[in-house]
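# Examining the three-dimensional arrangement
Here's the letter readout for the chains.
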Amino acid sequence: MSPHLGHRTLEALAAESRPLLDPRELAPRVVHFGLGAFHRAHQAVYTEAASAATGEAIGIVAVAPRDASVVQRARRQDHLFSVTTRSPEGSGPRVVAALSGALHLRDDAVQVDSLISSAEVSTVTLTVTEKGYHRDPATGRLDLADPRIVADLALSSQADAAVQTVVGRLALSLANRLRTSGAPIDVVSCDNLDGNGAVLASVVRDFVTAADWADSDKVLAWLEHSVGFPATVVDRIVPATTQADLDEVAARLGVRDELAVSGEPYTQWVLQNDFRAARPAWEHGGAQLVDDVAPYQLTKLRLLNGAHSGLAYLGLAAGCRTIADVLATPWGAKFVRGYAADVAAALPAGGPDPVRYAESLVARFENPAIHHELRQIGSDGSLKLPQRWFTVLREQRGTTAGEHQTLALAAWANATRPDPSSGGQLFGTTDPAAPALADCWKASSVGVVSRLLTVLGAEDLAEDSALTGSVEALLPAFGAGAVLL
């Protein structure tokens, strides 16, 4: 059996597979919440490029909010991992040196708090998905009724408390930073949320307010002036790693890499140039620093992410497994172009041209080397769709929803059906709202779309009889596995 990737095996790698710098020189300067595949294939790659270009060996200490096993895997191979860029032409894996540590949110709470409190750390980044922000779907603010938030608030006076949520950990540790060094810091959301920087700032401040510490007012004032929450846009398709992927990487590298990831050739990172502290020079990896990310953010969220979700639910209904499979159908590319035309009026000025953007999406989605599972994309729809679809539908109220928007909504509704054999959702997607969505199907199918939308906090859309009627009329076809496009 091949040895594990690690410091001792680097010299045995082919030159083109080695990292851009010596990983033993990395010093912890960034804390990242979310030790997932996307971070490894995106922010970590940009950070390594920044270190290589500037000579400042910036190490990322990645914090896993839930899965402790990924921390152990990272430590076992000295926090190294490989990234394979998958294209029809093919490319080999390259080892990335960006992580200098791996911690678990609860098991290593003292170390996490100490790092964020330290003046040596100037940046915190996050990829925790929509669910990691614990927002009330009705208000968009921190859900103070969430049991995990309630538990964190009860513990928040303890520096080493077993805090359950990233929001709670951030609020507590930022407050401790003020109480120690008081050095400025930036907290950078890299999740697919409209106005992600403002959203993150809001939930952290809501937590501090609800905690009602003796110095909460002082903490809130410091957050306002010394903590940056820049908005960002991140983009790269990073499919879930399979055992076949791990076997391929081991064969090509000659060492085992249990953290191997792959991604498409396209990658984007746009950041609002609103930082309060020193930051990695991510522009050396190709990041863009702009005054206003909104045109990029909304185009990506509403067009790319919106079309992606639509393709997932349509493809599942048609028996497809991956996005590339959907684009190989006669209607896949047609849906992407049509969906872009439907939402074009809701895209802000100053962003990419919707027609050209849609064509670039077709080319990216068609990439046969990217095996992006539809079940992965279609999971957590109750958290993703309000951002990707519902805001656009609300902005277009008073007009008829486009054919492709209606089709996507019907495909999602169909995918929420309970599977009698498994007890889960029809196509194996997962969703925190799955039980409530399943209950919507227990009564008559008449009115089911309104009930589903209500579960997602979209009562206004649920009351739009023209919209719900159009969607409901498509459900029988989806039940028969037909995509009417």
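We now turn to the structure provided with this report. Keep in mind that this is a model prediction, so the values were computed, not measured.

### A closer look at the packing of helix α10 (residues 294-317) against helix α13 (residues 354-365)
If you want to describe how two helices pack, look at the angle between their axes and the distance between the axes. The N-to-C vectors of α10 and α13 enclose an angle of 40°; their axes lie 11 Å apart at closest approach. Of the possible angle classes, the one that applies to α10 and α13 is oblique. For α10 against α13, the interelement crossing comes out right-handed. Residues T299, K300, L303, L304, H308 and L311 of α10 touch α13, and the partners they reach there are P354, Y357, L361, R364 and F365.

### As for the side chain of Q77
Among the structural elements, Q77 can be located in the loop between α3 (68-76) and β3 (81-85). A relative accessible area of 0% means that Q77 is categorised as buried. From its side chain, Q77 meets the backbone oxygen of L80 in a polar contact 2.8 Å long.

### Section: the sheet that holds strand β12 (residues 288-290)
Two orientations exist for strands paired in a sheet by backbone hydrogen bonds: parallel and antiparallel. The strand order β9-β11-β12 describes an open sheet built from 3 strands, whose pairing is mixed. If you trace the sheet from one side to the other, it starts and ends with β9 (232-235) and β12, each paired once. The average undirected angle you get between the axes of adjacent strands in this sheet is 15°. Bridge count between strand β11 (residues 268-272) and β12: 3 bridges; the pairing is parallel. In the sheet register, V270 faces β12, and the bridge partner there is Q288.

### Thoughts on the pattern of salt bridges
Tallied over the full model, the rule gives 24 salt bridges. As a salt-bridge pair, R76 and E258 come within 2.6 Å of each other at their nearest N and O atoms. Of the two residues, R76 sits in helix α3 while E258 sits in the loop between α9 (243-253) and β10 (261-263), which places them 182 residues apart along the sequence. Two residues, E224 and R205, come together in a salt bridge whose shortest N-O distance is 3.4 Å. In this pair, E224 is assigned in helix α8 (residues 216-226) and R205 in helix α7 (residues 196-211), connecting sequence segments 19 residues apart.

### Some details on the side chain of Q297
Take Q297: it is sitting in helix α10. Assessed through its relative accessible area of 6%, Q297 is described here as buried. At a separation of 2.9 Å, a polar atom in the side chain of Q297 contacts the main-chain amide nitrogen of G195. Filtering out sequence-adjacent residues up to four positions away, Q297 remains in contact with L193, D194, G195, N196, A231, T232 and V233.

### Examining the nonpolar core
If you look at the biggest cluster of nonpolar residues, it comprises 62 residues, and the most contacted ones within it are F365, W389, F390, L409, W412, L453 and F478. Top contributing element to this core by residue count: α10, with 9 residues. Contact partners of L453, with chain neighbours within four places excluded, come to F390, L409, W412, A458, E459, L461, A462 and T468. One finds V166, A171, L174 and F229 within the second-largest nonpolar core, a separate group that totals 42 residues.

### Observations regarding the packing of aromatic side chains
Scanning the model with the defined rule gives 4 aromatic pairs in all. Measuring from centroid to centroid gives 4.5 Å for W269 and W282, while their planes differ by 40°, and the two rings are tilted. Remark: W282 occurs in the loop between β11 and β12 and W269 occurs in strand β11; sequence separation between them is 13 residues. What makes W282 buried here is its relative accessible area of 1%. Taking the centre distance of 5.6 Å and the plane angle of 35° together, the rings of F335 and Y339 count as tilted. You can see F335 and its partner Y339 sitting in helix α12 (residues 332-343), 4 residues apart, about one turn around the helix. For F335, a relative accessible area of 0% translates into the label buried.

### Points about the sheet that holds strand β7 (residues 185-189)
Strand order in the open sheet made by the 6 strands is β5-β2-β1-β6-β7-β8, with parallel pairing throughout. Each end of this open sheet is capped by a strand with a single partner; those strands are β5 (99-104) and β8 (227-228). Alignment of strand β6 (residues 123-126) against β7, held across 4 bridges, turns out to be parallel. Following the sheet pairing, L126 is matched in β7 by S189.

Definitions and cut-offs
By convention here, each chain's residues receive numbers from 1 onward along its written sequence. Reporting in this predicted model follows two pLDDT cut-offs: at least 70 for local features of residues, and 80 or more for side-chain atom pairs to be given and counted; totals over whole chains, interfaces and linings ignore these cut-offs and use all residues. No hydrogens and no water enter the side-chain calculation; it runs on all heavy atoms of the structure. Helix axes use the C-alpha atoms of the stretch in contact, all axes being lines fitted to C-alpha atoms, and the angles between their N-to-C directions lie in the range 0 to 180 degrees. Numbering of helices and strands starts at the N terminus; helices are DSSP runs of H or I of at least 4 residues and strands are runs of E of at least 2. Just so you know how the angles are binned, under 35 degrees is roughly parallel, over 145 roughly antiparallel, 65 to 115 roughly perpendicular, and the rest oblique. Definitions for this section: a left-handed crossing has its near helix turned counterclockwise from the far helix by less than a right angle. A right-handed crossing has that turn clockwise. Two residues qualify as a contact provided that any one of their heavy atoms is within 4.5 Å of a heavy atom in the partner residue. Burial here depends on accessible area, computed with a 1.4 Å probe over protein chains only, as a share of the maximum for the residue type. Under 20% is buried, over 50% is exposed, and the range in between is partly exposed. By the criterion applied in these results, polar contacts are pairs of N or O atoms within 3.5 Å in which, for protein atoms, one can donate a hydrogen and the other can accept it, and in which residues neighboring in sequence qualify only through two side-chain atoms. The pairing criterion is simple: DSSP has to find at least two bridges between the two strands. Salt bridge criterion: a side-chain nitrogen from Lys or Arg within 4 Å of a carboxyl oxygen from Asp or Glu. In this text, buried Ala, Val, Leu, Ile, Met, Phe, Trp, Tyr and Cys residues form a nonpolar core when linked through side-chain atoms within 4.5 Å. Classification of ring pairs uses Phe, Tyr and Trp, with its six-membered ring standing for Trp, and accepts pairs whose centres are within 6.5 Å; under 30 degrees between planes counts as stacked, over 60 as edge-to-face, and the remaining range as tilted.

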